[in-house]
Amino acid sequence: HQVDTLYRRVMMTRRQLEDEFPDSLPQKVKEEKDLDKKFEVVHAVYPRTDYNPWKMAVSTNKKFASCWLLKDTKTLLKEGGYDSFPYHVPRWGKMSAEVYGRSPAVNAIHTVKMVNRMQQVLIEASQKAVAPPLMVPNDGFMPNISTAPNSLIWKEPGAENIEPLLMGNNIPIGLEIIQETQDFIRKCFYFDWLRMPFKKERQTAFEIGDRRDEMLLSLGPVLARMQSELLGPMIARTYELLLDNGRIPPAPASLDAARLRVEYTSPAA
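Residues numbered from 1 in each chain as written. Predicted model: local features only at pLDDT ≥ 70, side-chain atom pairs only at ≥ 80, totals over all residues. Heavy atoms only, no water.

Quick look at the pattern of salt bridges
Then step 1. What the rule picks out here adds up to 9 salt bridges.
Then step 2. Across the pair Glu40 and Arg9 runs a salt bridge, and its minimum N-O distance is 4.0 Å. On the criterion of sequence distance, the pair formed by Glu40 in strand β2 (residues 38–47) and Arg9 in strand β1 (residues 6–13) is long-range, its members being 31 residues apart.
Then step 3. The exposed category is assigned to Arg9, whose relative accessible area is 59%. (Salt bridge = Lys/Arg side-chain N within 4 Å of Asp/Glu carboxyl O. Helix = DSSP H or I, 4+ residues; strand = E, 2+ residues; numbered from the N terminus. Buried < 20%, exposed > 50% of the residue type's maximum accessible area, 1.4 Å probe, protein only.)

Following this line, the structure appears as structure tokens:
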């Protein structure tokens, strides 16, 4: 099953609404004094249930309906249609009973947030290591001690010296943990498959081919879905638009009544 229904939210200012839908704006929008105030508009594209191919080909009688709706007042701003679905919604992966797809980021999102937090903590630890807090005796120093270069610190004779508070932060192990976590995120996005690591030892053509076959076997379902849900519909709609606008020359007699089929010739195919 391919995606054939899409709802898209668009934020538009009053000025943009007046330019795009001058004849159907509600009174609330017309009375808005701020021309740059944004309103939420929903663009809905879905299969038209009352489509009749035998009726006149007008915008309201096409296979797919196109409706622009102002969310605040539920006002229909514009209604039209498309002969074919104008959006391409590929899904990286999905379960057999699912409708919505899953991104590789689903498996990595928690780790990504954790790495961001770890980097924040590591930056704080690095700052404390470079510019540690100072232990200052309670008496014998002038207030507002400056730590800038070439600054002068005044103290009473016999007062103890100012010492840095060493926290004992182990920054290298923090960097190592972050590096390992980032490697896991790269694997979630198939980075190690898409960019084969360079090996110093020489490899035979058979070993390289076997490695590539293993990679393509792992990505096979994803690539097949990309072809069926993204590349195929995109090529078909591009051809349809070119044909409708007279941008494709007449076909030779040998192709009369022949069906066109897209064939992929890359190694992934």
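Brief notes about the environment of Glu79
Then step 1. On the secondary structure map, Glu79 appears in strand β4 (residues 75–82).
Then step 2. Sequence separation between Glu79 and Leu217 is 138 residues, and the spatial gap between their C-alpha atoms is 45 Å.
Then step 3. With near-sequence residues (within four places) excluded, Glu79 lies in contact with Arg48, Ser59, Thr60, Ser66 and Cys67.
Then step 4. In terms of polar contacts, Glu79 uses its side chain to reach the side chain of Arg48, at 3.4 Å. (Contact = heavy atoms within 4.5 Å. Polar contact = N/O pair within 3.5 Å; in protein donor to acceptor, adjacent residues only side chain to side chain.)

Some words on the sheet that holds strand β3 (residues 64–70)
Then step 1. If you trace the 4 strands from one edge of the open sheet to the other, you get β1-β2-β3-β4, paired in antiparallel fashion. The sheet is open, and its two borders are formed by β1 and β4, each paired with just one other strand. For this sheet the average axis-to-axis angle between neighbouring strands, irrespective of direction, equals 20°.
Then step 2. The pairing of β1 with β2 spans 8 bridges and is antiparallel. Bridge assignment links Val10 to a residue of β2, and that residue is Val41. (Pairing = 2+ DSSP bridges. Axes fitted to C-alpha atoms, helices over the stretch in contact; angles between N-to-C directions.)

Overview of the nonpolar core
Nonpolar side chains in soluble globular proteins tend to be buried together.
Then step 1. In terms of nonpolar packing, the biggest core is built from 11 residues, these being Val10, Met12, Leu17, Phe21, Leu25, Val29, Phe39, Val41, Trp68, Leu70 and Leu77.
Then step 2. Of all the elements in the fold, those that place two or more residues in this core are β1, β2 and β3.
Then step 3. In this structure, Leu70 is in contact with Leu17, Pro26, Val29, Phe39, Glu40, Val41, Thr75 and Leu77, ignoring residues within four places of it in sequence.
Then step 4. In terms of nonpolar packing, the next biggest core, distinct from the first, is built from 7 residues, Val115, Met118, Leu122 and Ile178 among them. (Core = buried A, V, L, I, M, F, W, Y, C linked by side-chain atoms within 4.5 Å.)

Digging into the confidence of the model for the protein chain
Then step 1. On average, residues of the protein chain carry a pLDDT of 84, and 94% of them reach 70 or more.
Then step 2. The weakest mean pLDDT in the protein chain belongs to helix α5 (residues 191–194) at 72; the strongest belongs to β2 at 96. (pLDDT = per-residue confidence, 0-100.)

Focus: a nonpolar patch on the surface
Then step 1. On the surface, Met135, Leu165 and Met167 cluster together into a nonpolar patch covering about 250 Å² of accessible area.
Then step 2. Relative to the helices and strands, Met135 is located in strand β5 (residues 134–135).
Then step 3. The exposure class of Met135 is partly exposed, given its relative accessible area of 39%. (Patch = residues over 30% accessible without salt bridge, like charges linked within 9 Å, V, L, I, M, F, W, Y side chains within 5 Å. Areas by Shrake-Rupley, 256 points an atom, 1.4 Å probe, with all protein chains shown as cover.)

Looking at the packing of helix α3 (residues 105–130) against helix α4 (residues 171–188)
Then step 1. Where α3 meets α4, the axes come as close as 10 Å, and the angle between the chain directions of the two elements is 160°. The angle between the axes of α3 and α4 places the two elements in the roughly antiparallel class. Handedness of the crossing formed by α3 with α4: left-handed. From α3, Asn107, Ala108, Thr111, Val112, Met114, Val115, Met118, Gln119, Leu122, Ala125, Ser126 and Ala129 reach across to α4, where they touch Ile171, Gly174, Leu175, Ile177, Ile178, Thr181, Gln182, Phe184, Ile185 and Cys188.
Then step 2. Of the residues belonging to the contact of α3 with α4, the class tally is 15 nonpolar, 7 polar and no charged. (Parallel < 35°, antiparallel > 145°, perpendicular 65-115°, else oblique. Left-handed = near helix turned anticlockwise from the far one by under 90°. Nonpolar A, V, L, I, M, F, W, Y, C, P; charged D, E, K, R; others polar.)

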